[in-house]
Amino acid sequence: MEIIVRPPETLSWNTTQARCVIGRGGVTSNKKEGDSATPAGRFPLRRVMYRPDRRKPPFTGLPISPLGADDGWCDEPGNASYNQLIKLPFSASHEALWRADNVYDVIVELGYNDDPIIPGLGSAIFMHVARPKYDLTKGCVALALEDLLTLLSQCDETAVLSVMMP
């Protein structure tokens, strides 16, 4: 299944369309760490992570794992764990995945800059829950929880996210 993001705010799959948001830096074909842009391209959906204290596991054909309070994601280009799931505490720059807000209650890890990982080309590019006012992201694709859960229920390991240039 192909999931298509047409900036600035449309995500579609099969016959369904949903509102989404992208990075405040727009879409780029030249992604760099910290530019807040969403990378253009075609990316496999690697796995779904979720907050087990807030919700049941989403129904999906993708690999799924619960988040722990000590989970994070390394965003330090010079670190050997760059663009990978890590355990906290962690001395290098990172993002905590166990957050007070709800945006990471369900996270889809996208296959961006992971095969191979190239330091500095961007990290922590996910599909996740949008904020209530659909605030722009730091490079991820975000949509309403209900839309994300509906989408995931139709995904298997062949699903890809295609982010188009505007």
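Residues numbered from 1 in each chain as written. Predicted model: local features only at pLDDT ≥ 70, side-chain atom pairs only at ≥ 80, totals over all residues. Heavy atoms only, no water.

A. Region of the structure containing the sheet that holds strand 9 (residues 85-87). If you walk across this open sheet you meet the 3 strands as 9-8-10, and the pairing is antiparallel. Strands at the two margins of the open sheet, each flanked by one partner only, are strand 9 and strand 10 (94-96). Strand-to-strand twist of the sheet, defined as the mean angle between neighbouring strand axes without regard to direction, takes the value 40 degrees. Sheet analysis places strand 8 (residues 71-74) next to strand 9, joined by 3 bridges and oriented antiparallel. If you follow Asp71 over to strand 9, its bridge partner there is Lys87. (Pairing = 2+ DSSP bridges. Helix = DSSP H or I, 4+ residues; strand = E, 2+ residues; numbered from the N terminus. Axes fitted to C-alpha atoms, helices over the stretch in contact; angles between N-to-C directions.)

B. Summary view of the layout of surface pockets. One number sums up the size of the largest pocket: a volume of about 390 Å³. In this structure, the largest pocket is lined by 21 residues; those nearest its centre are Glu95, Tyr104, Ala124, Lys138 and Gly139. For the lining of the largest pocket, a count of residues per class yields 6 nonpolar, 6 polar and 9 charged. (1 Å grid on protein atoms, 1.4 Å probe; cavity = no way out; pocket = protein on both sides within 12 Å on 5 of 7 lines; lining within 4 Å. Points joined across faces, edges and corners; volume = space filled by probe spheres on them. Nonpolar A, V, L, I, M, F, W, Y, C, P; charged D, E, K, R; others polar.)

C. Main features of helix 1 (residues 145-153). Along helix 1, the residues classified as buried are Leu148, Leu151 and Leu152. Along helix 1, the residues classed as buried sweep out an arc of 95 degrees about the axis, all on the same side. Next to the buried residues of helix 1 lie strand 1 (2-6), strand 2 (10-13), strand 6 (41-50), strand 11 (106-110), strand 12 (126-129) and strand 13 (141-143). (Buried < 20%, exposed > 50% of the residue type's maximum accessible area, 1.4 Å probe, protein only. Arc of directions from axis to C-beta. Contact = heavy atoms within 4.5 Å.)

D. Up close: the packing of aromatic side chains. Under the criterion given, the structure shown has 3 aromatic pairs. Considering the side-chain rings of Phe43 and Tyr112, the 5.5 Å spacing of their centres and the 85 degrees angle between planes classify their relative orientation as edge-to-face. Pair noted here: Phe43 is in strand 6 and Tyr112 is in the loop between strand 11 and strand 12, with a separation of 69 residues, a long-range link. Note on Tyr104 and Phe126: the rings are 5.8 Å apart at their centroids and 90 degrees apart in plane angle, and the pair reads as edge-to-face. Here Tyr104 is found in the loop between strand 10 and strand 11, whereas its partner Phe126 is found in strand 12, with 22 residues between them in sequence. We note that Tyr104, like Phe126, is buried. The lysine or arginine in question, Arg19, covers the ring of Tyr134, its NZ or CZ lying 3.9 Å from the ring centre. The residue whose ring lies beneath Arg99 is Tyr104, and the NZ or CZ to ring-centre distance is 4.8 Å. (Phe/Tyr/Trp six-rings, centres within 6.5 Å; stacked < 30°, edge-to-face > 60°. Lys NZ or Arg CZ within 6 Å of the ring centre and 35° of its normal.)

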